[in-house]
Amino acid sequence: MPHGRHWLLSLSLIALGGACDRGTAELTQEQQARFQSEGIVRKADDLEFRYTRDPGGRDERREDRRSSIVVTKSSILVHKNEKLGLEITPRTRREVSVERSGDRIRLRSGRGRSEEIWSFVPPDDPAGWTSDLRSVTGASEGGKRR
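All values reported here derive from a predicted model rather than from experimental measurement.

(A) How the structure looks around the pairing of strand β7 (residues 116-120). Most of β7 is tucked away, with five of its five residues classed as buried. Side-chain alternation along β7 places Glu116, Trp118 and Phe120 on one buried face and Ile117 and Ser119 on a second face that is also buried. As paired elements, strand β6 (residues 104-109) and β7 share five bridges and run antiparallel to each other. For Arg106, the partnering residue across the bridge sits in β7 and is Ser119. In sequence, β6 turns back onto β7 through a hairpin of six residues, with Gly110 there showing a positive phi of about 90°.

(B) How the structure looks around the layout of surface pockets. Here the largest pocket is characterised by a volume of approximately 170 Å³. Taken together, Tyr51, Arg65, Arg66, Ser67, His79, Lys80, Lys83, Leu84, Gly85, Glu116 and Trp118 make up the lining of the largest pocket. Only β2 (61-72), β3 (76-80), β4 (83-88) and β7 provide two or more residues apiece to the lining of the largest pocket.

(C) Structural context of the packing of aromatic side chains. All told, the structure shown has four aromatic pairs when counted by the stated rule. Here the aromatic rings of Phe49 and Trp118 are separated by 6.1 Å at their centres, their planes lie at 70°, and the arrangement is edge-to-face. You can see Phe49 sitting in strand β1 (residues 40-53) and its partner Trp118 sitting in strand β7, a full 69 residues away along the chain. Classification of Phe49 as buried rests on a relative accessible area of 0%. A residue is classified by how much of its surface remains accessible, and Trp118, at 2% relative accessible area, is buried. Three or more aromatic residues joined by ring pairs make a cluster, and in this case those are Phe49, Tyr51, Trp118, Phe120 and Trp129. Geometry around Tyr51 places Arg65 over its ring, the cationic atom sitting 3.8 Å from the centre.

Quick notes on the rules
- Residues numbered from 1 in each chain as written.
- Predicted model: local features only at pLDDT ≥ 70, side-chain atom pairs only at ≥ 80, totals over all residues.
- Heavy atoms only, no water.
- Buried < 20%, exposed > 50% of the residue type's maximum accessible area, 1.4 Å probe, protein only.
- Helix = DSSP H or I, 4+ residues; strand = E, 2+ residues; numbered from the N terminus.
- Pairing = 2+ DSSP bridges.
- 1 Å grid on protein atoms, 1.4 Å probe; cavity = no way out; pocket = protein on both sides within 12 Å on 5 of 7 lines; lining within 4 Å.
- Points joined across faces, edges and corners; volume = space filled by probe spheres on them.
- Phe/Tyr/Trp six-rings, centres within 6.5 Å; stacked < 30°, edge-to-face > 60°.
- Lys NZ or Arg CZ within 6 Å of the ring centre and 35° of its normal.

Read these as spatial facts, not as claims about activity.
This is the structure we're talking about:
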């Protein structure tokens with residue numbers, strides 16, 4: 001490969017790599033306005049979430065997902081830019097719980113085969129994050145909202 005082409009290929013690969021390393025915190029204007037009106041309590045961008053579907057079941061599936069989280073006085077949103085991972089609002093009908101083990105926090109949603117766990121280590125103050133998440137879900141320590 002001639003030197004000029006090699007340089008161009010390298011430059012293209014660097015540009016593609018940068019595009020793939022995009023952050024996860026972008027929201028729609030509607031989401032931004034909604035969260036501002038609800039009052040943002042906590043927010044963290046580009047965290048590693050451990051996503052588990054059907055935990056303990058025979059179809060259990062786990063994967064790490066880089067996502068962001070927004071916690072307001074009435075909502076929780078785990079998202080990758082405009083793509084929703086988990087959304088908890090006052091209208092949520094699924095069973096929801098918040099658990100803490102050391103620095104790791106688990107958001108459980110659903111039951112049985114449809115249960116999902118989004119677990120993460122917050123950037124700071126795990127006890128405060130846990131308390132604020134529980135305020136949204138209406139669950140006390142170890143309790144669940146139905």
